[in-house]
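Analysis of the macromolecular model
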Amino acid sequence: MTRRDWMLSAGAAGLALEGRSALLGQSIDMGNGLSIKLGVASYSFRKFTRAQAIEMTKALGTPYLNIKDVHLKLDSTLAEIDAARQEFASAGLVIVGGGNISFPDSDSDAQRRAKFEYAKRAGMPLIVCAPTHDTLPKLEGLVKEFDIKIAIHNHGPEDHQFPTPQSALEAVRNLDPRCGLCIDVGHTARTGKDVVESIAEAGPRLLDMHLKDLKDMSAKESQCDVGEGKMPFPEMFRQMLKMRYAGYANLEYEINENNPLPGMQKSFAYMRGVLAGIRGA
């Protein structure tokens, strides 16, 4: 039996022993007051409507969803935002954030404010964001005013602003504690940074995470179903538990865009298998 097959079996066994609601639907109880909250970045469903994205999220057995603007446009009217929020709530989904939302240098004060107003109206407690070094300080006041966290998403070697978690961490170090990081583990690996060490270094500034796997830790195009690559998921989860990470770990599935659900189901099964193995150790 391969390592992946063992993890999938462990996930299935965990479900059989503890019941579907124990591992699915809410955070995964790891004992000793610790848990891991696996969710979905709706960018994974970018080729699908909001209604379809909702149904696929439900099929994955998690209520946690980070909303990309393809499923709730940034320029939506108040009525449109309210209607979308009700759709998510009626489906039993929990909006854990929005994004990735860009804050380029070209944004005016009014445009930045409008994005926070959008997030507040939609019930987003956190904005996964792509600011610049110049716009980031301007967001701190909005964070305080709206009581919405921001989490800088590192985008790897191509990102001239925040390629690594470390570069983002340095930028938020002296800002309000609600200003932090969304570590994208795939982009982090491609910069040559150790993913587990990066999670540890972020500490309480780690507010959100995007999970994916790579067969070649330096190649973006090698993304694969979670468990089929080299990403150190057991070590990552252990570090998150060690530091009592309280945020969400959202699968951002960027491959098979026209039929993502089968690969995402495999990815969730693998991650739940890893967590079942850690819990049973």
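Residues numbered from 1 in each chain as written. Predicted model: local features only at pLDDT ≥ 70, side-chain atom pairs only at ≥ 80, totals over all residues. Heavy atoms only, no water.

Section: the overall build of the protein
From N to C terminus, the protein includes eleven helices and eleven strands. In terms of overall dimensions, the protein is globule-like: its C-alpha atoms have a radius of gyration of 18 Å, near the 19 Å expected for 281 residues. A principal-axis box enclosing the C-alpha atoms of the protein has dimensions of 55 × 40 × 35 Å. For the protein, the proportion of its 281 residues judged to be buried stands at 54%. Counting only contacts in the protein whose residues sit at least 6 apart along the sequence, the fraction spanning at least 24 positions is 74%. Counting only carbon and sulfur atoms, one obtains 50% of the accessible surface of the protein, whose full area is about 12,000 Å². Of note, the protein has its 34 positive side-chain charges centred 3 Å away from the centre of its 35 negative side-chain charges. (Helix = DSSP H or I, 4+ residues; strand = E, 2+ residues; numbered from the N terminus. Rg over C-alpha atoms; globule rule 2.2 N^0.38 Å. Buried < 20%, exposed > 50% of the residue type's maximum accessible area, 1.4 Å probe, protein only. Contact = heavy atoms within 4.5 Å. Areas by Shrake-Rupley, 256 points an atom, 1.4 Å probe, with all protein chains shown as cover. Lys, Arg positive; Asp, Glu negative; His and termini not counted. Charge placed at Lys NZ, Arg CZ, Asp CG, Glu CD.)

Overview of the nonpolar core
Within the largest apolar cluster, 74 residues are counted, with the highest numbers of intra-cluster contacts made by Leu38, Phe116, Leu211, Phe237 and Met271. Examining the composition of this core, we find that eight residues originate from one element, helix α11 (residues 261-280), more than from any other. Leave out the neighbours within four places in its chain, and Met271 touches Leu38, Leu211, Val226, Phe233, Phe237 and Leu251. Ranked by size, the runner-up nonpolar core spans five residues in total, among them Leu126, Val128, Ala151 and Cys182. (Core = buried A, V, L, I, M, F, W, Y, C linked by side-chain atoms within 4.5 Å.)

Regarding the pattern of salt bridges
Tallied over the entire structure, the rule returns 16 salt bridges. Of the charged contacts in the structure, one is a salt bridge between Arg112 and Asp109, with a shortest N-O distance of 2.4 Å. In this pair, Arg112 and Asp109 both sit in helix α5 (residues 109-122), three residues apart, roughly one turn of the helix. The exposure class assigned to Arg112 is buried, which follows from its relative accessible area of 4%. In this structure, Asp184 and Lys212 form a salt bridge, with 2.5 Å as the shortest nitrogen-oxygen distance. (Salt bridge = Lys/Arg side-chain N within 4 Å of Asp/Glu carboxyl O.)

Details of the pairing of strand β4 (residues 94-103)
Burial analysis of β4 places eight of its ten residues in the buried class, which makes it a mostly covered element. The pairing of strand β3 (residues 64-67) with β4 spans four bridges and is parallel. Bridge pairing links Ile67 to Gly98 in β4. In this fold, the crossover linking β3 to β4 by way of helix α4 (residues 78-90) has right-handed handedness. The pairing of β4 with strand β5 (residues 126-131) spans five bridges and is classified as parallel. (Pairing = 2+ DSSP bridges. Right-handed = clockwise from strand over helix to strand, strands pointing away.)

What about the confidence of the model for the protein?
Parts of the prediction with low pLDDT should not have their coordinates interpreted in detail. Mean pLDDT over the protein: 92, with 91% of residues reaching 70 or higher. The low-confidence segment residues 10-25 (pLDDT under 50) makes 21 contacts with residues lying over four places distant or belonging to another chain. (pLDDT = per-residue confidence, 0-100.)

Description of the packing of aromatic side chains
Tallied over the entire structure, the rule returns five aromatic pairs. Seen from their ring centres, Phe103 and Phe116 are 6.0 Å apart, and the 45 degrees between their planes marks the pair as tilted. You can see Phe103 sitting in strand β4 and its partner Phe116 sitting in helix α5, a full 13 residues away along the chain. Judged by relative accessible area, Phe103 falls into the buried class, the value being 0%. Note on Phe116: relative accessible area 0%, which makes it buried. With a centroid separation of 6.3 Å and an interplanar angle of 90 degrees, the aromatic rings of Phe233 and Tyr270 are classed as edge-to-face. With Phe233 in helix α10 (residues 233-242) and Tyr270 in helix α11, this pair connects stretches of sequence that are 37 residues apart. (Phe/Tyr/Trp six-rings, centres within 6.5 Å; stacked < 30°, edge-to-face > 60°.)

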